[in-house]
Amino acid sequence: MEYITNYLSAGVDFANYYLWDILIILLLGVGILFTLTTGFVQLRLLPQSVKEIFKGSSKTNSNAITPFQAFATGLASRVGVGNIGGVAIAISIGGPGAIFWMWVTALLGMSSAFAESSLAQLFKIKDNNGQYRGGPAYYIQRGLNQRWLGILFALSLILAFGFVFNAVQSNSIVAATRIWNWNSHYVGLGLVLLSAPIIFGGIKRVARTAEKIVPIMAFLYLGLTVYIIMINLGKMPHVFGLIFDNAFGAKQAAGGIFGGLFSQAMLLGIKRGLFSNEAGMGSAPNAAAAAEVAHPVSQGLIQMLGVLVDTLIVCSATAVIILLSEVHLSTVGVEGVELTQAALKSEVGIWGSHFLAVVLFMFAFSSIIGNYAYAESNVQFIKNDATILTIFRCMVLGMVYFGAVQKIDLVWNMADLSMGIMATINLIAIALLAPLVWRLLADYQKQRRAGKEPKFDIKNHPDLRAKLGDDVW
């Protein structure tokens, strides 16, 4: 078994070595493309994105979810272990400068998130149950007429979100609960029992659960961060100085195809940033497509805001806690979730470690159900069959348990590889479909300038009507 693990580890490392050098260029390049061609949509229409969330829903389809539920489902998947364990790993290996590159990834990624979620809305379909389905697999097939590539994307997403990422989440929950000496098998079984009713309830139950959990967990964690900042206010300039100084310092090069072009700080910041905010990865559009909105751009703006909340707010909170405590300088052999726990313990006492264990459970549990929602849509894209879906649900629960009871040294590298494949396919697809993103945004802005509430009318776009029909729009 050890030989197989070592062989697999070597293969995953080799693939990541080359894939991520290419992906960094692609990720930043597509982000810059949409940032410039949309006139900095992530800044210019940021206030409008907030309004879209609280605008409410005039649902005519009782099987659809609301825009806020889609936002919460997307955020449930985004806000998880990556915000706590991923940030800690980035700082441990890449140094404080990794946080700067997380911010860069998020700011550019907001425009990519806008593009992919707007496209997901445009190309969504209505399934046999009257629910909306969509995402990259759907717009690759319908927009680019490449079903084989859509299937390849769907398979990579199912691997990543259905299996690997859920193993990451449950494994991290066990790591956090070690402070209570809980048996990992019992924790794994408990996660399965909690997840099963929600997963078997489908996307609507996932959405209803996410909209309740996400606000609670975010406010709890951010509230503690604000308290820690207030008692360490004088140290904040030093923290920001560390982040910016280390972002461009002559640190260890990451290697790869481009040699010393990328530092460890840059590589780790972008990797962990993408794992956390998922901008351009092609995951959140699956939730975005399930909502009923009057115009595709409305949901694109809403999902764009999710990237800001995830990385620029929640990830930054974790970074501030760790850098203020300086535990990353004195704690040897401790990283990930346990490093963040050590930082909280240093700042507020032992109760901070217990508090984080509870919050992490909420983070990771919401990510498990959010991840499942993405994977379900892609299983149905390949084959909409009730038996296959039931088998898949059981396999997801099996991976939740597996992740809890095993020491998965490979899991983060496997997550990097699977999300790297997803992101590569999706970024190429949205770049090719960019003219449609620009057309949707122009239509939305034209109606707003005319004082109208934007509403997408497929009759005004005969070329799209011929491709999409009148079933959804």
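What you see is a predicted model; the values in this text were computed from it and never measured.

Novice: Is there a simple way to explain the overall build of the chain in this structure?
Specialist: Across its full length, the chain carries 21 helices and two strands. Across the 473 residues in the chain, those meeting the buried criterion constitute 62%. A separation threshold of at least 6 residues defines the contact pool for the chain, and within that pool the share at least 24 residues apart is 83%.

Novice: Looking at this structure, how should I read a positive patch on the surface?
Specialist: On the surface, a cluster of positive charge is made up of Arg44, Lys446, Arg449 and Lys452. Relative to the elements of secondary structure, Lys452 occurs in the loop between helix H20 (434–449) and helix H21 (462–468).

Novice: Teacher, can you tell me more about the nonpolar core here?
Specialist: In this structure, Leu122, Tyr139, Tyr221 and Phe392 are the most contacted members of the largest nonpolar core, which totals 142 residues. Top element by residues in this core is helix H14 (residues 296–325). It accounts for 17 residues. Every residue in contact with Phe392, bar those within four places of it in the chain, is listed here: Ile158, Gly162, Phe163, Tyr372, Ala375, Glu376 and Val379.

Novice: Teacher, can you tell me more about unusual backbone geometry here?
Specialist: Note: most residues except glycine have negative phi, and most peptide bonds are trans. Here the phi dihedral of Asn145 falls at roughly 60°; this positive angle occurs in a residue that is not glycine. A positive phi is found at Asn181, a non-glycine position, where the angle reads about 60°. By the element assignment, Asn181 lies in the loop between helix H8 (147–176) and helix H9 (184–199).

Novice: Can you walk me through the packing of helix H6 (residues 97–122) against H14 in this structure?
Specialist: How two helices sit against one another is set out by the angle between their axes and by the gap between those axes. Running from amino to carboxyl end, H6 crosses H14 at an angle of 160°, the nearest separation of the two axes being 7 Å. Here H6 lies roughly antiparallel to H14, going by the angle between them. Where H6 crosses over H14, the handedness of that crossing is right-handed.

Novice: For this particular structure, what's the right way to read helix H16 (residues 337–348)?
Specialist: An α-helix turns once every 3.6 residues. As a result, residues three or four positions apart point the same way. In this model H16 runs 17 Å from its N-terminal to its C-terminal C-alpha over twelve residues, within 8% of the 16 Å that 1.5 Å per residue would give. Every buried residue of H16 is listed here: Val337, Leu339, Thr340, Gln341, Ala343, Leu344, Glu347 and Val348. A positive phi of about 100° marks Gly349, the residue just after H16.

Novice: Could you clarify how one ought to interpret a nonpolar patch on the surface in this entry?
Specialist: A cluster of nonpolar residues, Ile32, Leu36, Phe40, Leu43 and Leu107, forms a patch on the protein surface that exposes about 480 Å² of accessible area. As for its placement among the helices and strands, Leu43 is situated in helix H2 (residues 41–44).

Novice: How should I be thinking about the packing of aromatic side chains in this particular structure?
Specialist: Under the defined criterion, the tally for this structure stands at 14 aromatic pairs. Ring plane angle 25° and centroid distance 6.1 Å describe the contact between Tyr372 and Phe392, whose orientation is recorded as stacked. In this pair, Tyr372 is assigned in helix H17 (residues 350–382) and Phe392 in helix H18 (residues 386–405), connecting sequence segments 20 residues apart. Phe392 gets classed as buried once you look at its relative accessible area, which sits at 5%. Through a chain of ring-to-ring contacts, three or more aromatic side chains come together here, namely Phe100, Trp101, Trp103, Phe240 and Phe244. Its end group placed over the ring of Tyr132, Lys124 keeps NZ or CZ at 4.0 Å from the ring centre. Above the face of the Phe381 ring, Arg147 is positioned so that its terminal group lies 4.8 Å from the ring centre.

Novice: Explanation requested: the environment of Lys124 in the structure shown.
Specialist: On the secondary structure map, Lys124 appears in the loop between H6 and strand E1 (125–126). The sequence separation of Lys124 and Asn286 amounts to 162 residues, and the corresponding C-alpha distance is 9.2 Å. Polar contacts involving the side chain of Lys124 include one to the main-chain carbonyl oxygen of Ala291, which spans 2.9 Å.

Novice: Hey, could you run me through the pattern of salt bridges in this one?
Specialist: As a working rule, side chains carrying opposite charge can pair if their charged atoms are close by. Per the stated rule, a full pass over the model turns up four salt bridges. Note that Glu376 and Arg393 form a salt bridge whose closest N and O atoms lie 3.2 Å from each other. Placement of the pair is Glu376 in helix H17 and Arg393 in helix H18, with a sequence separation of 17 residues. For the residue pair Glu376 and Arg393, the accessibility class agrees, reading buried in each case. The salt bridge involving Arg439 is made with Asp463; its shortest N-O contact spans 2.7 Å. Taken together, the residues span a long stretch of sequence, with Arg439 in helix H20 and Asp463 in helix H21 at a distance of 24 residues. Residue Arg439 is classed as partly exposed on the basis of its relative accessible area of 29%. On the basis of relative accessible area, Asp463 is assigned to the partly exposed category, the value being 43%. Connected through shared salt-bridge partners, Arg133, Glu376 and Arg393 make up one network.

Novice: Looking at this structure, I do not really get H18. What am I missing?
Specialist: Helix length check: H18, at 20 residues, gives a terminal C-alpha distance of 29 Å against a target of 28 Å (1.5 Å per residue), a fit within 8%. If you check which residues of H18 are buried, you get Leu389, Phe392, Arg393, Val396, Leu397, Val400, Gly403, Ala404 and Val405. Lining the buried residues of H18 we find H8, H9 and H17. Two or three places before Thr387, at the start of H18, stands the capping residue Asp385, its side-chain oxygen 3.0 Å from that residue's backbone nitrogen.

Rules and cut-offs
Residues numbered from 1 in each chain as written. Predicted model: local features only at pLDDT ≥ 70, side-chain atom pairs only at ≥ 80, totals over all residues. Heavy atoms only, no water. Helix = DSSP H or I, 4+ residues; strand = E, 2+ residues; numbered from the N terminus. Buried < 20%, exposed > 50% of the residue type's maximum accessible area, 1.4 Å probe, protein only. Contact = heavy atoms within 4.5 Å. Patch = residues over 30% accessible without salt bridge, like charges linked within 9 Å, V, L, I, M, F, W, Y side chains within 5 Å. Areas by Shrake-Rupley, 256 points an atom, 1.4 Å probe, with all protein chains shown as cover. Salt bridge = Lys/Arg side-chain N within 4 Å of Asp/Glu carboxyl O. Lys, Arg positive; Asp, Glu negative; His and termini not counted. Charge placed at Lys NZ, Arg CZ, Asp CG, Glu CD. Core = buried A, V, L, I, M, F, W, Y, C linked by side-chain atoms within 4.5 Å. Axes fitted to C-alpha atoms, helices over the stretch in contact; angles between N-to-C directions. Parallel < 35°, antiparallel > 145°, perpendicular 65-115°, else oblique. Left-handed = near helix turned anticlockwise from the far one by under 90°. Expected span 1.5 Å × (residues − 1). Phe/Tyr/Trp six-rings, centres within 6.5 Å; stacked < 30°, edge-to-face > 60°. Lys NZ or Arg CZ within 6 Å of the ring centre and 35° of its normal. Polar contact = N/O pair within 3.5 Å; in protein donor to acceptor, adjacent residues only side chain to side chain.

These results come straight from atomic positions and should not be treated as a statement about function.
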